[in-house]
Amino acid sequence: MNDNPAFGAGLQPFMGIPSFMRLPASRNLKDIDVAILGVPFDSGTSYRTGTRFGPRKIREASLMIWGHNPTLNVTPLKKLQAVDYGDVSVIPTSIEHTMTAIANTAAEIIQTGAKLITLGGDHSIALPLLRAHAKKHGPVSLIHIDAHIDTWESEFEAVPYSHGTPFRYALQEGLIRKDEYMQIGIRGPLSSEHDYADAKKLGARTVTIHEVMEKGVKEILKEIHQRMKGPTYVTVDIDSADPAFAPGTGTPEVGGLTSYQLLQLIRGLHGLNLIGFDLVEVSPPFDHGDITAILAANLAFEYLSLLAIQ
Ligand code: MN
Ligand code: MN
């Protein structure tokens, strides 16, 4: 019996219950450094749904990630105690109730001292996550990697929140430090010629995909390191990757980052005061061969590796 546990690192990747990286599925956070949290929610999407299946699929894709990261030269789970905390109790028909549940669950976890790696879910989940982190740390420095600015105003007056609005509210609520918010990889048709100017007025430094490709990732990382001086939160929308690398998402935009550039961007955050991370917008029904989920799992692994060398 004992040589066939229900889950865990000793099993083959195709065996057992699929927790993230075969971590213990546990809510006991005593002496825990990192908690993986799923938010299976897609009622904030504006086009194609399916991100409610994201956390489960990313967990499955993570089973194949072996422990050592040769690029950062670290075996994160040798340095860090981590658990898979499971999912937030979402209500698919209520974004507001779900946002409250996310903020409460996140606050409970981070107040123990554990850091959060959250797997979405659509990008609306970033707002309650930022609320929880800002409550603990004060306003944060924010690195937002995305094809979209997500600082739009809601098109529905009655419902302000969606996956297109989280950073408008985060800025307006004072959750982000002044001049310490970069949105990177931005592209695609806009709703008006004023969208970038509006984002700037709110406090965003918009780095378009054109700028990333012209300057290269290293130059962008230089600016990130110059700008981000506070406790730094990282939010990655998988649609920042080109649809060739990440087709499994709700609002794909052509002409994006390669998987390698995304890995480079995350690895290059070494040295910052990293306090939290989310990865959103993986929509398995639109994926092919799980390539989007595999990229997402590996980006989370790179971030976990950064925490181990902090
Ligand atoms: Mn987004
Ligand atoms: Mn996006």
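Up top is the structure these notes are about.
The paragraphs below set out a description of the structure included in this document.

Calculation notes
- Residues numbered from 1 in each chain as written.
- Chains lettered and ligands numbered in written order.
- Predicted model: local features only at pLDDT ≥ 70, side-chain atom pairs only at ≥ 80, totals over all residues.
- Heavy atoms only, no water.
- Buried < 20%, exposed > 50% of the residue type's maximum accessible area, 1.4 Å probe, protein only.
- Helix = DSSP H or I, 4+ residues; strand = E, 2+ residues; numbered from the N terminus.
- Pairing = 2+ DSSP bridges.
- Core = buried A, V, L, I, M, F, W, Y, C linked by side-chain atoms within 4.5 Å.
- Contact = heavy atoms within 4.5 Å.
- Axes fitted to C-alpha atoms, helices over the stretch in contact; angles between N-to-C directions.
- Parallel < 35°, antiparallel > 145°, perpendicular 65-115°, else oblique.
- Nonpolar A, V, L, I, M, F, W, Y, C, P; charged D, E, K, R; others polar.
- Left-handed = near helix turned anticlockwise from the far one by under 90°.
- Phe/Tyr/Trp six-rings, centres within 6.5 Å; stacked < 30°, edge-to-face > 60°.

1. Considering the pairing of strand E2 (residues 82–87)
Turning to step 1, where the next piece is worked out: Counting buried residues in E2 gives five out of six residues, a clear majority hidden from the surface.
Turning to step 2, where the next piece is worked out: Pairing between strand E1 (residues 34–39) and E2: five bridges, direction parallel. Residue pairing for E2: Ala35 is matched across the bridge by Val83.

2. Details of the nonpolar core
Turning to step 1, where the next piece is worked out: Counting 54 residues, the largest nonpolar core has Ile224, Ile266 and Leu269 as its most contacted members.
Turning to step 2, where the next piece is worked out: Here this core takes 12 residues from helix H10 (residues 291–308), the largest share from any one element.
Turning to step 3, where the next piece is worked out: Contact partners of Leu269, with chain neighbours within four places excluded, come to Ile143, Leu221, Ile224, His225, Val234, Leu274 and Leu306.
Turning to step 4, where the next piece is worked out: If you look at the next biggest cluster of nonpolar residues, it comprises 41 residues, including Ala101, Ala134, Ala170 and Ile275.

3. A closer look at the packing of helix H1 (residues 54–62) against H10
Turning to step 1, where the next piece is worked out: Where H1 meets H10, the closest approach of the two axes is 8 Å, and the angle between their N-to-C directions is 75 degrees. Between H1 and H10, the crossing angle belongs to the class labelled roughly perpendicular. Mapping the contact onto sequence places Lys57, Ile58, Ala61 and Ser62 in H1 and Ala293, Ile294, Ala296 and Ala297 in H10.
Turning to step 2, where the next piece is worked out: Partitioning the contact of H1 with H10 into residue classes produces six nonpolar, one polar and one charged.

4. Observations regarding the packing of helix H8 (residues 217–227) against helix H9 (residues 259–267)
Turning to step 1, where the next piece is worked out: Running from N to C, H8 and H9 cross one another at 30 degrees; their axes reach a closest spacing of 10 Å. Here H9 runs roughly parallel to H8, going by the angle between their axes. Two packed elements cross with a definite hand, and for H8 against H9 that hand is right-handed. Residues Val217, Leu221 and Ile224 of H8 form the contact with H9, whose own contacting residues are Gln261, Gln264 and Leu265.
Turning to step 2, where the next piece is worked out: Across the contact of H8 with H9, the residue classes tally to four nonpolar, two polar and no charged.

5. Comments concerning the packing of aromatic side chains
Turning to step 1, where the next piece is worked out: Scanning the model with the defined rule gives three aromatic pairs in all.
Turning to step 2, where the next piece is worked out: For the pair Phe167 and Tyr181, a centre-to-centre distance of 6.0 Å together with 40 degrees between the ring planes defines the contact as tilted. With Phe167 in helix H5 (residues 166–172) and Tyr181 in strand E5 (residues 176–186), the pair connects residues that are 14 residues apart, well separated along the chain. Here Phe167 matches Tyr181 in class, with each residue buried.
Turning to step 3, where the next piece is worked out: Plain terms: the ring middles of Phe277 and Tyr303 are 4.4 Å apart, the flat faces sit at 20 degrees to each other, and that makes the pair stacked. Of this pair, Phe277 sits in strand E8 (residues 274–280) while Tyr303 sits in helix H10, placing them 26 residues apart in sequence.

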